[in-house]
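# Secondary and tertiary structure notes
Chain by chain, the residues:
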Amino acid sequence: MTAPLASEPSLWVLFRGQLRRDLKLAFGQPSELANPLAFFVVVITLFPLGVSPEPGVLSGMAPGVLWIAALLATLLGLEALFRRDRDDGTLEQMVLRAQPLYLPVVARMLAHWMVTGLPLTLLAPLLGGMLNLAPEARLPLMLGLALGTPVLVLLGGVGAALTVGLRTGGVLLALLVLPLFVPVLILGVSAAELASSGLDPAGPLLWLAAGASFAITAVPFAIAAALRIGVETG
Amino acid sequence: MSEPVLDISGLRCERDDRELFAGFDLHIGPAEAVQLRGPNGAGKTTLLRCIAGMHPEYEGRIELLGAPVAGERLLFVGHRPGISGLLSAADNLRWHLDLAGWRGADSVVTAALTRVGLTGYDDVPCQQLSAGQQRRVALARLALPTAEVPLWLLDEPFTALDEAGLKLVSGLMADRLAGGGAILFTTHQPAPELPGLSTRWIGAAA
């Protein structure tokens, strides 16, 4: 046999392999895939029932309600993000072997976003209709979620990586990352609100875009570092 | 004399503020295997994790081929199998190849599974396999081309294996030794017959 390791390892193979594995894992458990989405739908359904079915009241609070529900749904999927990988030892293999660790971490977060943030973004305008969201606010809401959910997933990933070594990380994780979600929430809601009152939502959306580009480039390094610590403690 | 593959000197290691060993030296050359023995809690696993770079609380020098240890130059099989139960054996092994950025064809996965006697189990999710079969999937990593690295660290590789599995794993180890690799492993069972094998005690009997 030739010496395959003599050739340079391929970074693309590393990235693609991790993405493929994580998507297979996600689609291998349809219930876990559906849970955050079902949660999103149910929480939003509760508002007309619990607060007021009045269209005027609902449309006023629609952007905020949709965003908060999306935030909580994102949070719901985070705890399991690295937990199972840690338990079966695949996490330590990843930390040990992947060179650089940055790439599989990006792939992992991308896969997670594809099964949480992306469906939330696509569902939001539909549920917005249920809350009487102004039609002109639909697109800014979706754009905001499309730019904001990657940030949420990545920031949440840092929390999940930091708490991966702990037995009961759930509540701690929420306390750790929810404050970090606040700027995203404010920008996302204000984009939708500006649009529904007939103003230009470009400002907050551009801020979200800037935040997303920064998060995508920088945060995976933090996640990788936190995962290293998590593996060392176990 | 050839340069040692693994060179440990003056290693002092703590776990949970308890000193496990101090002044520990170990040199393993190419084509040498060392069986690490010692009572439970003596620090065998911790030593392996130290070498793999997954236990930072140590003092002393650990070098792999004269350089600090890098994860891509060793293969670590720990207590946790490194195999995802929801994925099939083939998917798991493919992922291990991908992790190393290996560009070759998928046929090596089938070959590795055949080698460990799991022909035909490629597509079964690993959690549906028996404990021994799962162990074999984890050990099939030793038969992948990405296992051709200077050092193997194997923590209890023989647990849950039947007689045939034991032979199989020692065969894989013998192959690696023949290829010039070094192996450090722990086991409580009598060690298999391997060329260049020595035993090293840590803890009580040292």
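Anything mentioned here points back to the structure above.
Basis of the calculations
Residues numbered from 1 in each chain as written. Chains lettered and ligands numbered in written order. Predicted model: local features only at pLDDT ≥ 70, side-chain atom pairs only at ≥ 80, totals over all residues. Heavy atoms only, no water. Helix = DSSP H or I, 4+ residues; strand = E, 2+ residues; numbered from the N terminus. Contact = heavy atoms within 4.5 Å. Areas by Shrake-Rupley, 256 points an atom, 1.4 Å probe, with all protein chains shown as cover. Lys, Arg positive; Asp, Glu negative; His and termini not counted. Charge placed at Lys NZ, Arg CZ, Asp CG, Glu CD. Axes fitted to C-alpha atoms, helices over the stretch in contact; angles between N-to-C directions. Parallel < 35°, antiparallel > 145°, perpendicular 65-115°, else oblique. Left-handed = near helix turned anticlockwise from the far one by under 90°. Nonpolar A, V, L, I, M, F, W, Y, C, P; charged D, E, K, R; others polar. Phe/Tyr/Trp six-rings, centres within 6.5 Å; stacked < 30°, edge-to-face > 60°. Buried < 20%, exposed > 50% of the residue type's maximum accessible area, 1.4 Å probe, protein only. Lys NZ or Arg CZ within 6 Å of the ring centre and 35° of its normal. Pairing = 2+ DSSP bridges. Salt bridge = Lys/Arg side-chain N within 4 Å of Asp/Glu carboxyl O.

In terms of helices and strands, chain B carries five helices and nine strands. Sequence-ordered secondary structure for chain B, helices as α and strands as β, is β-β-β-α-β-β-β-α-α-α-β-α-β-β. Dimensions of chain B, computed from the C-alpha atoms along their principal axes, are close to 50 × 35 × 30 Å. Of the contacts formed within chain B by residues at least 6 apart in sequence, a portion of 68% connects residues at least 24 apart. When the accessible surface of chain B is summed, it comes to about 8400 Å², and 49% of that surface belongs to carbon and sulfur atoms. Charge-centre separation for chain B: the mean point of 18 positive side chains lies 2 Å from the mean point of 24 negative side chains.

Quick look at the packing of helix α3 (residues 55–78) of chain A against helix α7 (residues 117–130) of chain A now. Residue and element names in this part refer to chain A. Relative to each other, α3 and α7 sit at 150°, their axes nearing to 10 Å. When the axis of α3 is compared with that of α7, the two are roughly antiparallel. Where α3 crosses over α7, the two elements pack in a sense that is right-handed. Facing Leu58, Leu66, Ala70, Ala73 and Thr74 of α3, the residues of α7 in contact are Leu120, Ala124, Leu127, Gly128 and Met130. Its residues placed into classes, the contact of α3 with α7 shows eight nonpolar, two polar and no charged.

We describe a pair of aromatic rings using the distance from one ring centre to the other and the angle between the two ring planes. This model, assessed by the stated rule, comprises four aromatic pairs over all chains. Taking 5.4 Å as the distance between ring centres and 45° as the angle between the ring planes, the aromatic pair formed by Phe21 of chain B and Phe24 of chain B counts as tilted. Exposure class is identical for Phe21 of chain B and Phe24 of chain B. Each is buried. Across the ring face of Trp95 of chain B, the terminal group of Arg21 of chain A is positioned such that the distance to the ring centre comes to 4.4 Å.

This part covers the sheet that holds strand β3 (residues 33–37) of chain B. Residue and element names in this part refer to chain B. The strand order across the open sheet built from five strands is β6-β7-β8-β3-β9, with neighbouring strands paired in parallel fashion. For this open sheet the edge positions go to β6 (74–77) and β9 (197–201), each flanked by a neighbour on one side alone. Taken pair by pair, the neighbouring strands of this sheet meet at an average axis angle of 15°, ignoring direction. Judged from the four bridges that link them, β6 and strand β7 (residues 151–155) form a sheet pairing that is parallel. Across the sheet, the residue bridging to Phe76 is Leu153, located in β7.

Before going further, it helps to examine the pattern of salt bridges. With the rule as written, the count across this model stands at 19 salt bridges over all chains. Of the charged contacts, one joins Glu79 of chain A and Arg83 of chain A as a salt bridge, the two residues approaching to 3.5 Å between their closest N and O atoms. Taking relative accessible area as the criterion, Glu79 of chain A reaches 34% and is therefore assigned partly exposed. A salt bridge links Asp106 of chain B to Arg94 of chain B; the nearest nitrogen and oxygen atoms lie 2.3 Å apart. Of the two residues, Asp106 of chain B is situated in the loop between α2 (89–99) and α3 (107–115) and Arg94 of chain B in helix α2; the sequence distance between them amounts to twelve residues. With a relative accessible area of 47%, Asp106 of chain B lands in the partly exposed category.

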